[in-house]
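Residue-level structure breakdown
Here are the chains, one letter per residue:
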Protein chains: 2
Amino acid sequence: MIIATAQQFDEAVKAATTMHELDDLLHDITREMGFQHFALSHHVDVPRAPQPALRIHNYPGDWEAFFDAERLGPSDPVHRASHLTNAGFHWSMLPQLIVLTRRDEEILAKSRKAGLTDGFTVPAHIPGESAGSCSFASARGKTPRREWMPLAQFIGATAFEGARRLVGVRRIDQDRPRLSDRQRECIYWAARGKSDWEISKILGISHDTAIQYMKEARGRYGVGNRTQLAIHALFDGALTFTDALRR
Amino acid sequence: MIIATAQQFDEAVKAATTMHELDDLLHDITREMGFQHFALSHHVDVPRAPQPALRIHNYPGDWEAFFDAERLGPSDPVHRASHLTNAGFHWSMLPQLIVLTRRDEEILAKSRKAGLTDGFTVPAHIPGESAGSCSFASARGKTPRREWMPLAQFIGATAFEGARRLVGVRRIDQDRPRLSDRQRECIYWAARGKSDWEISKILGISHDTAIQYMKEARGRYGVGNRTQLAIHALFDGALTFTDALRR
DNA sequence: GAGCTATTCCCCAGAAATGGGGAGTTTCAA
DNA sequence: TTGAAACTCCCCATTTCTGGGGAATAGCTC
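Let me sum up the structure you'll find in this document. These figures come from a predicted structure and were not determined experimentally.

On to the packing of helix α8 (residues 181–191) of chain A against helix α10 (residues 207–221) of chain A, then. All names here are of chain A. Close contact between α8 and α10 brings their axes to 9 Å; oriented N to C, the two are set at 95 degrees. With respect to α10, the axis of α8 lies roughly perpendicular. Of the residues in α10, those touching α8 at Arg 182, Gln 183, Cys 186, Ile 187 and Ala 190 are Ala 210, Tyr 213, Met 214, Glu 216, Ala 217, Arg 220 and Tyr 221. Its residues assigned to classes, the contact of α8 with α10 comprises eight nonpolar, one polar and three charged.

Let us look at the protein's contact with DNA strand C. The immediate surroundings of DNA strand C are formed by 20 residues, with Lys 215 of chain A together with Ser 180, Arg 182, Ser 206 and Tyr 213 of chain B found nearest. Close to the protein, within 4 Å, the atoms of DNA strand C belong to sugar or phosphate groups at a rate of 72%. The side chain of Arg 218 of chain A places a nitrogen or oxygen atom 3.0 Å from a phosphate oxygen of DNA strand C. Note that a phosphate oxygen of DNA strand C is positioned 2.8 Å from one of the side-chain N or O atoms of Arg 220 of chain B. Mapped onto the surface near DNA strand C, the elements with two or more residues apiece are α10 of chain A together with α8 (181–191) and α10 (207–221) of chain B. With six residues, the single largest contributor to the surface near DNA strand C is α10 of chain B. For the surface near DNA strand C, the residue count by class is three nonpolar, seven polar and ten charged.

On to the environment of His 207 of chain A. Residue and element names in this part refer to chain A. Tracing the sequence through the fold places His 207 in helix α10. A sequence separation of twelve residues divides His 207 from Ser 195, and the C-alpha atoms of the two residues are 9.8 Å apart. In this view, His 207 contacts Asp 196, Trp 197 and Ser 200; residues no more than four positions away in its chain are not counted.

Between chain B and chain A, the residue contacts involve 58 residues of the former and 59 residues of the latter. For the pair chain B and chain A, the two sides together bury roughly 5,300 Å², of which 63% comes from carbon and sulfur. One can count zero salt bridges joining chain B with chain A. For the pair chain B and chain A, the number of links is 13 residue pairs in polar contact (both at pLDDT 80 or more). Listed by contribution, the elements that provide at least two residues to the side of chain B that touches chain A are α1 (2–15), α5 (94–97), α7 (149–167), α8, α11 (226–235) and α12 (241–245) of chain B. Among the elements that line the side of chain B that touches chain A, the one with the most residues is α11 of chain B, at eight residues. Grouping the amino acids of the side of chain B that touches chain A by side-chain chemistry returns 29 nonpolar, 16 polar and 13 charged.

Residues and elements named next belong to chain A. Tallied over the full model, the rule gives four aromatic pairs over all chains. Taken together, a centroid distance of 5.0 Å and an interplanar angle of 90 degrees make the contact between Tyr 188 and Trp 189 edge-to-face. Here Tyr 188 matches Trp 189 in class, with each residue buried.

All names here are of chain B. Read from one edge to the other, the open sheet built from five strands follows the order β2-β1-β5-β4-β3, with strand pairing classed as antiparallel. Of all the strands in the sheet, the pair left with one neighbour each is β2 (55–57) and β3 (89–90). Here strand β1 (residues 37–42) pairs with β2 via three bridges, running antiparallel. The partner of Ala 39 across the bridge, within β2, is His 57. Against the sheet, helix α2 (residues 19–32) touches β1, β2 and β5 (132–138), its axis set at about 140 degrees to β1. Along the sheet face, α7 touches β1, β3, β4 (118–124) and β5 and points at about 50 degrees away from the line of β4.

Residue and element names in this part refer to chain B. Counting buried residues in β5 gives seven out of seven residues, a clear majority hidden from the surface. Residues Gly 132, Cys 134, Phe 136 and Ser 138 point to one face of β5 and Ser 133, Ser 135 and Ala 137 to the other, with burial holding for every one of them. Two strands pair when backbone bridges link them, and β1 and β5 are joined in this way by six bridges, in the antiparallel orientation. For His 37, the partnering residue across the bridge sits in β5 and is Ala 137. Sheet analysis places β4 next to β5, joined by seven bridges and oriented antiparallel. Residue Asp 118 lies in a different strand from β5, and its bridge partner there is Ser 138.

What counts as what
- Residues numbered from 1 in each chain as written.
- Chains lettered and ligands numbered in written order.
- Predicted model: local features only at pLDDT ≥ 70, side-chain atom pairs only at ≥ 80, totals over all residues.
- Heavy atoms only, no water.
- Axes fitted to C-alpha atoms, helices over the stretch in contact; angles between N-to-C directions.
- Helix = DSSP H or I, 4+ residues; strand = E, 2+ residues; numbered from the N terminus.
- Parallel < 35°, antiparallel > 145°, perpendicular 65-115°, else oblique.
- Contact = heavy atoms within 4.5 Å.
- Nonpolar A, V, L, I, M, F, W, Y, C, P; charged D, E, K, R; others polar.
- Near = heavy atom within 4 Å.
- Polar contact = N/O pair within 3.5 Å; in protein donor to acceptor, adjacent residues only side chain to side chain.
- Buried area = accessible area lost by both parts, 1.4 Å probe.
- Salt bridge = Lys/Arg side-chain N within 4 Å of Asp/Glu carboxyl O.
- Phe/Tyr/Trp six-rings, centres within 6.5 Å; stacked < 30°, edge-to-face > 60°.
- Buried < 20%, exposed > 50% of the residue type's maximum accessible area, 1.4 Å probe, protein only.
- Pairing = 2+ DSSP bridges.

Now the structure itself:
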């Protein structure tokens, strides 16, 4: 039965075409899991974020107002804790995950007062994107059963992924430039901070040739410098962070 | 019953004190979910990684040998795909997640030949740490039921978290460089391909000052050029791709 | 007040990147 | 066989980056 719920949710999310639909789905599943509230969001200061950020929730309005007024997006203790793990966690575990400052205690007290007594948060991190999470919260005296946590973990991850798709956080690579092997190798080393001269030595080619490949690669991506080149290659998957950060 | 399995696993992982115990737990649960193999690892070239990296698995020995010989840790198509999502995915979804090169096709063919016919991978990303994942694979003709995927998502995340705890992967959250506002703004524009001179005009400061902030930012991250600077900032979340790709 | 950081400005010299030009071979497909 | 694309090398001029100095103001903390 629980499994059926999970699968239905997964399929419904994949079929959703608007954030509004996703919102509805989260609404329903939240209740079904025994929670009262959900909040799926990027950990940024949403009202002031320069780029489009995710946020759908049904938290109490006054909590949202407080949250935004205090710019808690990046500093909320639940969010901070979610930056240290990839597994979902009960809010009761917070003290084991981060050091709670006085300010944090105030925030938590305030959230309890707003009707968010207990909760479960599923982190959602993707290299190069804003940190995010999907939380489920319950009001006083309505503690959801521990048995639902594995389901919540799945629901949170699935919902976040669906939201990313709907908002178009990352368009799966469509018109990606085709790179030659040598061009790719040059980008790889350039992203690791190598100069054209160093790249030429690594690849055993002349300095001029390395420069040439970098020129061509910039041309393929339509960018004018190696920083943008590396970032585009990272974004479209031609490179990974593990490539670029290795030293 | 499935829920009971998940909970038991969760508790057992939390109680485990050695990687060996975790290995055993994964062994059992893998079978219980209808898979034959599991692999929990960081996406690095494990034998050559300078820092401690996670890897426990029961993949066939010849596959592991091939994997290491070819240094697939960072470039394996399944791993690459897992860098683009936070939700678990079937390997059959790979073509929708990344562009499969001929090399990728070869790798996948090789893995099938080694007995890894189909599988399900749960990404595990934490800002500032190596990308990782927990995969479950099945041999020919033994396709695990879709119903188990929500469970697999939970198991993968839980197991990865347990492994991190056991290995003592320290979160470099604390060591993440602290940037001043101006430094961050300079990185932001530099990642968007602006020169120091352009940045100075945008921020309304002198050219020299922009150069100065870039120097300091490089110093904070311990890197020597703006490409690495941008990549590091992207990786640890100080920047996002949405920032860097905007034109 | 001493010490720290952020912010702002300045100078210099060498290294590196960028944009422009050209030209040969090989390989693979139409 | 004709052509496209990859791979390789070379030259030039200009711009940009990087690393090394130094210094003033403001604000905050111990």
